[in-house]
Amino acid sequence: MIAARGLRKSFGRTTALDGASLALPSGRVSVVLGPSGHGKTVLLKCLAGLLRPDAGCVDFDGRDVTDMGERELYSFWKRVGFVFQESALIDSLTVEENLALYWRVHGSLSRSALREKVAAVLDTVGLAGLGSGFPEELSGGMKKRVAVARALIKEPAYLLCDEPTSGIDRRNAGIMKDLLRRCGREGSTTLVVVTHDVQLAREMADHVVGLRKGRVLFEGGPAQLTEDRLDRLYEGVDNER
Ligand SMILES: Nc1ncnc2c1ncn2[C@@H]1O[C@H](COP(=O)(O)OP(=O)(O)OP(=O)(O)O)[C@@H](O)[C@H]1O
Ligand SMILES: [Mg+2]
């Protein structure tokens, strides 16, 4: 269970989170939905301990992430895979090297075991055989899948994904949704997806959160996604739905 209470975060005069509280169930797919610029990425980073909120707490399986020191955060991050909105792959490393990096730093796997792990995770994301190329040779959608693979190779208990389907074509978006669904449903992974894509929420979510102006407007099962609530969530920015 990830439970956040009263999260506040400002950057200068911009308030990104304005007292957001939510409770995301373990072993399920949670989707945080909301318009652009309303705090989704900041929220996800606060949940993952990548950003420290100005106020509020994040209970992650009984520990407050906002209260962790550097050492505890590093061991916490071993259990949490994070897919950044912009993929954030390392351009100077091949796809395989990007994927192997975590285990090179944290593990004591043999070369052949690591090679097998990398090949297996590339296969999982439908990119078998593309490991020797560099990220710049890939489409945006493929890069996002490599970013998911890089998170999955840690075998995380939690997978936090920022806009996994935005800015990519429909085919790649479909592949991504299938992939995330498999991670969320078949595995023991708790999946948290942040998106502005209502369709993705309808297709994937066991649990939904509507975030507007840094506050939670609604939260609960997928039945929460009524036209009325979505109208309020996207009021004034309806073209983003
Ligand atoms: N590091 C930062 N420095 C300054 N302002 C920031 C920073 N990060 C976020 N913000 C601001 O906080 C607000 C919320 O940003 P956030 O990235 O969380 O939005 P979002 O909902 O993820 O949007 P999008 O759907 O476009 O990704 C925005 O006004 C943004 O400009
Ligand atoms: Mg964002």
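Just so we're clear, the structure is a prediction, and the values are computed from it rather than from any experiment. (Residues numbered from 1 in each chain as written. Chains lettered and ligands numbered in written order. Predicted model: local features only at pLDDT ≥ 70, side-chain atom pairs only at ≥ 80, totals over all residues.)

1. Topic: the overall build of the protein
The helix and strand inventory of the protein stands at eight helices and ten strands. Here the C-alpha radius of gyration of the protein, 18 Å, is about what a compact globule of 241 residues would show, namely 18 Å. Each of the three principal axes of the protein carries a C-alpha extent, and together these read 50 × 40 × 35 Å. Here the protein holds 241 residues, and 41% of them are scored as buried. Intrachain contacts of the protein at a sequence separation of at least 6 include 68% that bridge at least 24 residues. (Helix = DSSP H or I, 4+ residues; strand = E, 2+ residues; numbered from the N terminus. Rg over C-alpha atoms; globule rule 2.2 N^0.38 Å. Buried ≥ 20, exposed ≤ 12 C-beta atoms within 10 Å, placed from the backbone. Contact = placed C-beta atoms within 7 Å.)

2. Focus on the site of ligand 1
Close to ligand 1 lie 13 residues, the nearest being Phe11, Ala16, Ser36, Lys40 and Thr41. Of all the elements in the fold, those that place two or more residues in the shell around ligand 1 are strand E2 (14-24) and helix H1 (40-47). Among the elements that make up the shell around ligand 1, the one with the highest residue count is H1 (three residues). For the shell around ligand 1, the residue count by class is three nonpolar, nine polar and one charged. (Near = placed C-beta within 6 Å. Nonpolar A, V, L, I, M, F, W, Y, C, P; charged D, E, K, R; others polar.)

3. Some details on the environment of Asp197
Mapped onto the elements of the fold, Asp197 is located in the loop between strand E8 (190-195) and helix H7 (198-204). Between the alpha carbons of Asp197 and Arg241 there is a distance of 6.0 Å; along the sequence they are 44 residues apart. What Asp197 contacts, discounting residues up to four positions off in sequence, is Thr165 and Ser166.

4. Some points on the sheet that holds strand E1 (residues 2-11)
With respect to topology, four strands assemble into an open sheet ordered E2-E1-E4-E5, the strand pairing being antiparallel. What marks the edges here is a single partner per strand, and that holds for E2 and strand E5 (63-64). Against the sheet, H1 engages E1, E2 and strand E4 (55-60), with an angle of about 125 degrees to E1. (Pairing = 2+ DSSP bridges. Axes fitted to C-alpha atoms, helices over the stretch in contact; angles between N-to-C directions.)

5. Comments concerning the environment of Pro135
Looking at the secondary structure, you find Pro135 in the loop between helix H4 (111-124) and helix H5 (140-152). Along the backbone, Pro135 and Leu89 are 46 residues apart, and their C-alpha atoms lie at a distance of 7.0 Å. Residues in contact with Pro135, not counting those within four places in the same chain, are Leu89, Asp91, Val95, Asn98, Lys143 and Val146.

6. Comments concerning the domain arrangement of the protein
The domains assigned to the protein are domain 1 (2-79 + 157-240) and domain 2 (92-155). Between domain 1 and domain 2, the contact holds eleven residues from the first and twelve residues from the second. No other element matches the five residues that helix H6 (residues 170-186) contributes to the side of domain 1 that touches domain 2. (Domains from an automatic or database assignment.)

7. Overview of the packing of helix H3 (residues 95-106) against H5
In the contact formed by H3 and H5, the axes pass within 8 Å of each other and the chain directions differ by 25 degrees. Taken together, the axes of H3 and H5 lie roughly parallel to each other. Note on packing geometry: the crossing formed by H3 with H5 is right-handed. Taking contact as the criterion, the partners of Val95, Asn98 and Leu99 in H3 are, on H5, Val146, Ala149 and Arg150. Looking at the contact of H3 with H5, its residues break down into four nonpolar, one polar and one charged. (Parallel < 35°, antiparallel > 145°, perpendicular 65-115°, else oblique. Left-handed = near helix turned anticlockwise from the far one by under 90°.)

8. Brief notes about the environment of Ala157
Structurally, the position occupied by Ala157 is in the loop between H5 and strand E7 (158-162). Setting aside residues up to four positions removed in sequence, Ala157 forms contacts with Arg79, Thr189 and Thr190.

9. What about unusual backbone geometry?
Here Ala88, not a glycine, exhibits a phi torsion of approximately 55 degrees, which is positive. In this fold, Ala88 is placed in the loop between strand E6 (80-83) and H3. The partly exposed category is assigned to Ala88, around which 14 C-beta atoms lie within 10 Å.

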